[in-house]
Amino acid sequence: MKMQSVGFKADKKLEAFINQKLSKLNKFDSNICDYNVILNIENSDPKANKVVEVKVNVPGNELFARKQSNSFEAAAELVADALRIQILKNKEK
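A short tour of the structure in this document, coming up.

Thresholds, definitions, all that
- Residues numbered from 1 in each chain as written.
- Predicted model: local features only at pLDDT ≥ 70, side-chain atom pairs only at ≥ 80, totals over all residues.
- Heavy atoms only, no water.
- Helix = DSSP H or I, 4+ residues; strand = E, 2+ residues; numbered from the N terminus.
- Rg over C-alpha atoms; globule rule 2.2 N^0.38 Å.
- Buried < 20%, exposed > 50% of the residue type's maximum accessible area, 1.4 Å probe, protein only.
- Contact = heavy atoms within 4.5 Å.
- Areas by Shrake-Rupley, 256 points an atom, 1.4 Å probe, with all protein chains shown as cover.
- Salt bridge = Lys/Arg side-chain N within 4 Å of Asp/Glu carboxyl O.
- Pairing = 2+ DSSP bridges.
- Polar contact = N/O pair within 3.5 Å; in protein donor to acceptor, adjacent residues only side chain to side chain.

1. Focus on the overall build of the chain
From N to C terminus, the chain includes two helices and four strands. Moving toward the C terminus, one meets the helices and strands of the chain in the order β-α-β-β-β-α. For a compact globule of 93 residues, the expected C-alpha radius of gyration is about 12 Å, and the chain comes in at 13 Å, within 12% of that figure. When each of the 93 residues of the chain is scored for burial, the buried share is 31%. Expressed as a percentage of contacts within the chain between residues at least 6 apart in sequence, the contacts between residues at least 24 apart total 44%. Within the structure as shown, the chain displays about 5600 Å² of accessible surface, and the carbon and sulfur contribution to it stands at 47%.

In structure tokens form, the structure reads like this:
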């Protein structure tokens, strides 16, 4: 898993939380190759300005989700839910 924080240093606790959330997706598809996570703070919304973007590489496809919330933890949970849905749809194909 590659994790990049733009404009700030993510602490180990946040990285561990996101890693835990995303690693749960492996039970839906054991063929997941890689996660690429980008954490960003956007100025467009003063409260919900924490953004989590995740690209998931699965054989033959790349899944992507981007969610914004008032905390990185909440955004990570939203991203994990969105990716779980995409992974399940992708497996049906």
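2. Topic: the pattern of salt bridges
A complete count under the given rule lists two salt bridges for this structure. The partner of Glu 42 in a salt bridge is Arg 66, and the shortest N-O contact between them spans 2.2 Å. Taken together, the residues Glu 42 in the loop between strand E2 (34-41) and strand E3 (50-58) and Arg 66 in strand E4 (residues 61-69) connect sequence positions 24 residues apart. For Glu 42, a relative accessible area of 23% puts it in the partly exposed group. Note that Arg 66 is salt-bridged to Glu 53, the shortest N-O span being 3.1 Å. Pair noted here: Arg 66 is in strand E4 and Glu 53 is in strand E3, with a separation of 13 residues, a long-range link. Overlapping salt bridges, with partners in common, bring together Glu 42, Glu 53 and Arg 66 in one network.

3. Structural notes on the pairing of E4
Side chains on a regular strand alternate between the two faces of the sheet. As defined by bridge partners, E3 adjoins E4 across nine bridges and the pair is classed as antiparallel. Paired with Val 54 across the strands is Ala 65, a residue of E4. Linking E3 to E4, which pair antiparallel, is a turn of two residues; within it Gly 60 sits at a positive phi near 80°.

4. Here we look at the environment of Glu 53
C-alpha of Glu 53 to C-alpha of Asn 36: the two residues are 17 residues apart in sequence and 8.1 Å apart in space. Ignoring sequence-local partners within four residues, the contact set of Glu 53 consists of Asn 36, Val 37, Ile 38, Phe 64, Ala 65 and Arg 66. At 3.1 Å, the side chain of Glu 53 and the side chain of Arg 66 are in polar contact.

Any link to function would need more than the numbers given here.
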